[in-house]
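Secondary and tertiary structure notes
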Amino acid sequence: MTKIPLQFRHNGRDVAIFVDGGTNLLVALRELIGDMTPKFGCGQGGCGTCSVLIDGELHLSCLTLAETVADRSVETLDGMKQGPNLHPLQRAFADNFAAQCGYCTPGMLMAAKALLDRNPTPSRADVVEAISGNICRCTGYEPIINAILAAAGGRASA
């Protein structure tokens, strides 16, 4: 199979890799770049744990062909923090006990970031809608919703 050259920005830095035709972005990120923060969940776009931002918009990396991100910007959970400093959403998740097993956390954080980037003062209903494509089997969603609202300044930390 012929390899396809692919260049894009990954968490603010330019990368160049070769992918097989049909390779999804999740595989490219994890296996070719080494970014393990997008998780493999269902592989069918139903769980949201592989969510990333492409040019600021939320996408499921398991359903996105890697070659479609050529010359675009891809942001993953690993790109949210600045060195050792957590992003306010990451801090809010920790402060509000919004992660138990943590498997859904990367996708939840990316969905929350996409929301807050376009709407810095969301309502509870906005948050619920924003994370509706992400399945969490542990927290019952309330701590996650509260954490996102806390990061937005919509309420005090629990």
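Summarised in this report is the structure supplied together with it. (Residues numbered from 1 in each chain as written. Predicted model: local features only at pLDDT ≥ 70, side-chain atom pairs only at ≥ 80, totals over all residues. Heavy atoms only, no water.)

All right, on to the sheet that holds strand β1 (residues 3-10) then. If you walk across this open sheet you meet the five strands as β2-β1-β5-β3-β4, and the pairing is mixed. In the strand order of this sheet, the two ends are held by β2 (13-20) and β4 (57-60), each with one partner. Sheet twist, expressed as the mean angle between neighbouring strand axes with direction ignored, is 40°. Packed onto the sheet, helix α1 (residues 25-33) meets β1, β2, β3 (51-54) and β5 (73-75) and runs at close to 110° relative to β2. In the packing of helix α3 (residues 105-118) onto the sheet, contacts are made with β3, β4 and β5, and the angle to β3 comes to roughly 35°. (Pairing = 2+ DSSP bridges. Helix = DSSP H or I, 4+ residues; strand = E, 2+ residues; numbered from the N terminus. Axes fitted to C-alpha atoms, helices over the stretch in contact; angles between N-to-C directions. Contact = heavy atoms within 4.5 Å.)

Further remarks concern the pairing of β1. Where β1 and β2 come together, eight bridges link them in antiparallel fashion. In the sheet register, arginine 9 faces β2, and the bridge partner there is aspartate 14. Hairpin geometry of β1 and β2 is characterised by an intervening segment of two residues between the two adjacent antiparallel strands and by a positive phi of about 50° at asparagine 11.

Turning to helix α5 (residues 142-151), a few remarks are in order. Most of α5 is tucked away, with eight of its 10 residues classed as buried. For α5, the set of buried residues is Pro143, Ile144, Ile145, Asn146, Ala147, Ile148, Leu149 and Ala150. Those residues of α5 that are buried are in contact with α2 (88-95), α3 and α4 (124-130). Directly after α5, the chain includes glycine 153, whose backbone phi takes a positive value near 85°. (Buried < 20%, exposed > 50% of the residue type's maximum accessible area, 1.4 Å probe, protein only.)

Let us look at the packing of α3 against α5. Across the interface, α3 lies against α5 with an axial gap of 11 Å and an inter-helix angle of 35°. Here α3 and α5 pass one another in a crossing that is right-handed. Residues Met108, Ala112, Leu115 and Leu116 of α3 touch α5, and the partners they reach there are Ile144, Ile148 and Ala151. Here the residues of the contact of α3 with α5 sort into seven nonpolar, no polar and no charged. (Left-handed = near helix turned anticlockwise from the far one by under 90°. Nonpolar A, V, L, I, M, F, W, Y, C, P; charged D, E, K, R; others polar.)

This part is about the state of the cysteines. One pass over the full model with this rule turns up zero disulfides. Looking at the unpaired cysteine 50, the closest cysteine sulfur is the one in cysteine 62, lying at 3.7 Å. Here cysteine 136 stays free of any disulfide, with the sulfur of cysteine 104 as its closest cysteine sulfur at 3.7 Å. Judged by its relative accessible area of 10%, cysteine 136 is buried. (Disulfide = S-S within 2.5 Å.)

We now examine the side chain of serine 61. Tracing the backbone shows serine 61 in the loop between β4 and β5. Residue serine 61 is classed as buried on the basis of its relative accessible area, which comes to 0%. If we ignore the near neighbours within four places in the chain, the residues touching serine 61 are Asn24, Leu25, Leu26, Pro38, Cys50 and Val52.

The next point concerns the environment of leucine 63. Structurally, leucine 63 can be placed in the loop between β4 and β5. A relative accessible area of 53% means that leucine 63 is categorised as exposed. Through-space distance from the C-alpha of leucine 63 to that of isoleucine 145 is 26 Å; in sequence the pair is 82 residues apart. With residues up to four places along the chain from it excluded, the contact list for leucine 63 reads Gln44 and Gly45.

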